[in-house]
Amino acid sequence: MPRSRRTPPLHLLALVTVLVCVSAALYPLLRTPANLPDVLLIVLDTTRADRLSLHGYPRPTTPILRELGERSVVFRRAFATSPWTIPSHASLFTGKMPGELGVGWHNLRLPEGIPTLAEVFRSAGYRTVAFFQNPILEEPSFARGFSTWQKTGVGKAASELAPFLRSLSAEEPVFLFLNLFAPHLAYNPAPEHRSLFVREWSPRVRRLAHARWHTLLERYWSGNLSREDIGILGDLYDGELHWADTELGQVFALWNETGRRRPLVVAVTADHGESLGEKGLFDHQLSVSNTLLHVPLVLYAPGRLAPATVSRPVSLRDLPRTLLELAGNRHARSFPGRSLVERAVHDGGGVVVSEYELPAVVLDELRTEVPSFDVEPFRRGLVAVQNERFKLVVPTAGKMELYDLQKDPEESRDLYPPPPGSEAARALRILLAAVEAESGTETHRTPVLSPEDLERLQTLGYLPGP
């Protein structure tokens, strides 16, 4: 696909601020149909929180998102419900855990009969629109409730969205879902983004820029991927983050150009993070480490939410209900999840749960395609549950793991079993109770995928193959 687009000025986000005064004036009238807010849900695919300038990363990977954060509520510890695209988006669209939905490696489809965020917005009179770049979201069940469901290319979000936005009626409120795919493997950013982080475009760098995850696994576990190679992969990934951030700025500028006068609610998040060689893993499979689960979450709702920083853990499963609440929708309280508006006001949070179904189809392919990699330790489903300090990982096979994230954010020192009476032991009891209360995962399922689904997963690089 084409990989070249002009980078907009870093102050582009300031163009959106002309809407702030209008938004603040109109929010008291939200419950009248004429003044319903426009709502934007933007997912930066494969974006881990610790590589973002939004969260203090020293490189300028996301200057647009950082500027938005200055006008928004920033949730510093937001966590996805799953480390990969399909189950995470399923939660973002329904407010339910992947296990409750029966979505995962055994099933790539949303079940019938469960209301989606788009369906609720459409029933409230919204024009529901989706532009997405990740091809796996072409799955028709995810389109439910959207009047427009359109795939677009990386770097083309604003240009392909422009004709649609300019044709919208001012009388019609809009719910827009946008998925930006640039940070996904392979990491091959357009030159103007790559050059900010990569010193030279050598044959070695070019090979790494086109490497798929099973290739990286094979090279790492056979001893042919150096520490310098992993550093180059990180540089390329940073370039991809900058590209996605640039597209974000282009979309904001386009929105401003349309001159829409409604209040505006914007949520920017990610479906999951990415492994960049930590514990010998790449891409976003086989693990529930926070490199995969910790994602950005920014809520912009001028007149309703004052700029703030929330430091306690929150789950992305709560975002659909929150968007409905910010839109004044009468069904908000009946939608699954909890209110992030309340957490924004009181810096609330608590225990969050994430799930990863046994990836049997992935392991079976890797066993053949990557012989240097021992798949057997990864033949288990996983549930991760964490609070402000501790994280528990509960597998379907093997021992549990317990980490003190305050002292060990890399999750490198397993504390399980903790000494009786210790703070870690008390936390363990709380986290185990949360697993029972909140997790709906059927982590033992063996996937039975159609040939079409297998081909789609291979094309995207989730599975080795063509």
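No experiment lies behind these values; they were computed from the predicted model shown.

**Some details on helix α2 (residues 63-70)**
And then number 1: Of all eight residues in α2, six are buried, a share of seventy percent or more.
And then number 2: Of all the residues in α2, the buried ones are P63, I64, L65, E67, L68 and G69.
And then number 3: Tucked into the core, α2 has its buried residues touching β1 (38-44), β2 (73-75), α10 (227-258), β7 (264-269) and β11 (297-300).

**Regarding the packing of helix α9 (residues 213-221) against helix α14 (residues 360-369)**
Packed helices, taken two at a time, are described by the angle between their axes plus the distance between the axes.
And then number 1: Packing of α9 against α14 brings their axes to within 11 Å, and their N-to-C directions diverge by 50 degrees. The angle between the axes of α9 and α14 places the two elements in the oblique class. The hand of the α9/α14 crossing is right-handed. Residues W213, H214, L217 and E218 of α9 form the contact with α14, whose own contacting residues are V362, L366 and E369.
And then number 2: Tallied by class, residues from the contact of α9 with α14 come to four nonpolar, one polar and two charged.

**Thoughts on the sheet that holds strand β13 (residues 314-315)**
Strand pairs in the sheet, formed through backbone hydrogen bonds, run parallel or antiparallel to each other.
And then number 1: What the three strands build is an open sheet, ordered β10-β3-β13; its pairing is mixed. Of all strands in the sheet, those with a lone pairing partner are β10 (294-295) and β13, marking the two edges.
And then number 2: Both strand β3 (residues 78-79) and β13 contribute to a ladder of two bridges, which runs parallel. Within β13, the position partnered with F79 by the bridge is S315.

**Focus: the confidence of the model for the protein**
And then number 1: Considering every residue of the protein, the mean pLDDT works out to 89; 86% of them sit at 70 or more.
And then number 2: When the criterion is pLDDT under 50, residues 444-449 qualifies, and its contacts beyond four places in sequence or with other chains add up to 17 contacts.

**Looking at unusual backbone geometry**
And then number 1: The omega torsion of the bond from L185 to A186 falls at 0 degrees, within 30 degrees of zero and hence cis.
And then number 2: In this fold, A186 is placed in the loop between β6 (174-180) and α7 (191-194).
And then number 3: Here L286, not a glycine, exhibits a phi torsion of approximately 70 degrees, which is positive.
And then number 4: Here L286 shows up in the loop between β9 (282-283) and α11 (290-293).
And then number 5: You can call L286 buried: its relative accessible area is 1%.
And then number 6: Positive phi is not limited to glycine here, since E411 has a value of about 55 degrees.
And then number 7: As for its position among the elements, E411 is in the loop between β17 (401-404) and α15 (423-438).
And then number 8: Given a relative accessible area of 4%, E411 falls into the buried group.

**Comments concerning the pattern of salt bridges**
And then number 1: Tallied over the entire structure, the rule returns 23 salt bridges.
And then number 2: When the shortest N-O distance is used, the salt bridge between D238 and R51 registers 3.1 Å. Placement of the pair is D238 in helix α10 and R51 in the loop between β1 and α2, with a sequence separation of 187 residues. Here D238 matches R51 in class, with each residue buried.

**Points about the packing of aromatic side chains**
And then number 1: Applying the stated criterion to the full structure yields 17 aromatic pairs.
And then number 2: Centroid distance W84 to W105: 4.1 Å. Interplanar angle 15 degrees. Geometry classified as stacked. In this pair, W84 is assigned in the loop between β3 and α3 (85-94) and W105 in the loop between α4 (98-101) and α5 (117-123), connecting sequence segments 21 residues apart. You'll find W84 and W105 in the same group, each marked buried.
And then number 3: With centroids separated by 6.0 Å and ring planes inclined at 70 degrees, the aromatic side chains of Y220 and F282 adopt a geometry described as edge-to-face. Of this pair, Y220 sits in helix α9 while F282 sits in strand β9; the two residues are 62 residues apart in sequence, bridging distant segments of the chain.
And then number 4: Among the residues examined, F282 registers a relative accessible area of 2% and is labelled buried.

**Quick notes on the side chain of D271**
And then number 1: Tracing the chain through its elements places D271 in the loop between β7 and β8 (275-276).
And then number 2: In this structure D271 is buried but unpaired, with R48 as the nearest side chain of opposite charge at 12 Å.
And then number 3: Engagement of the side chain of D271 in a polar contact is seen with the backbone nitrogen of T46, the distance being 3.0 Å.
And then number 4: Within the local environment of D271, its side chain forms a polar contact with the side chain of T85, the two groups lying 3.3 Å apart.
And then number 5: Setting aside its immediate chain neighbours within four residues, D271 contacts V43, L44, D45, T46, A80, S82, T85, S88, H89 and V295.

**What to know about the packing of helix α6 (residues 157-166) against α10**
And then number 1: Taken N-terminus to C-terminus, the directions of α6 and α10 make an angle of 20 degrees; their axes are 9 Å apart at the nearest point. Overall, the two elements α6 and α10 adopt an arrangement that is roughly parallel. Crossing hand, α6 versus α10: right-handed. Counting all contacts with α6, which are made through A157, A158, L161, A162, L165 and R166, the residues of α10 involved are E247, Q250, V251, L254, W255, E257 and T258.
And then number 2: Split by residue class, the contact of α6 with α10 holds eight nonpolar, two polar and three charged.

Cut-offs and rules
- Residues numbered from 1 in each chain as written.
- Predicted model: local features only at pLDDT ≥ 70, side-chain atom pairs only at ≥ 80, totals over all residues.
- Heavy atoms only, no water.
- Buried < 20%, exposed > 50% of the residue type's maximum accessible area, 1.4 Å probe, protein only.
- Helix = DSSP H or I, 4+ residues; strand = E, 2+ residues; numbered from the N terminus.
- Contact = heavy atoms within 4.5 Å.
- Axes fitted to C-alpha atoms, helices over the stretch in contact; angles between N-to-C directions.
- Parallel < 35°, antiparallel > 145°, perpendicular 65-115°, else oblique.
- Left-handed = near helix turned anticlockwise from the far one by under 90°.
- Nonpolar A, V, L, I, M, F, W, Y, C, P; charged D, E, K, R; others polar.
- Pairing = 2+ DSSP bridges.
- pLDDT = per-residue confidence, 0-100.
- Salt bridge = Lys/Arg side-chain N within 4 Å of Asp/Glu carboxyl O.
- Phe/Tyr/Trp six-rings, centres within 6.5 Å; stacked < 30°, edge-to-face > 60°.
- Lys, Arg positive; Asp, Glu negative; His and termini not counted.
- Polar contact = N/O pair within 3.5 Å; in protein donor to acceptor, adjacent residues only side chain to side chain.

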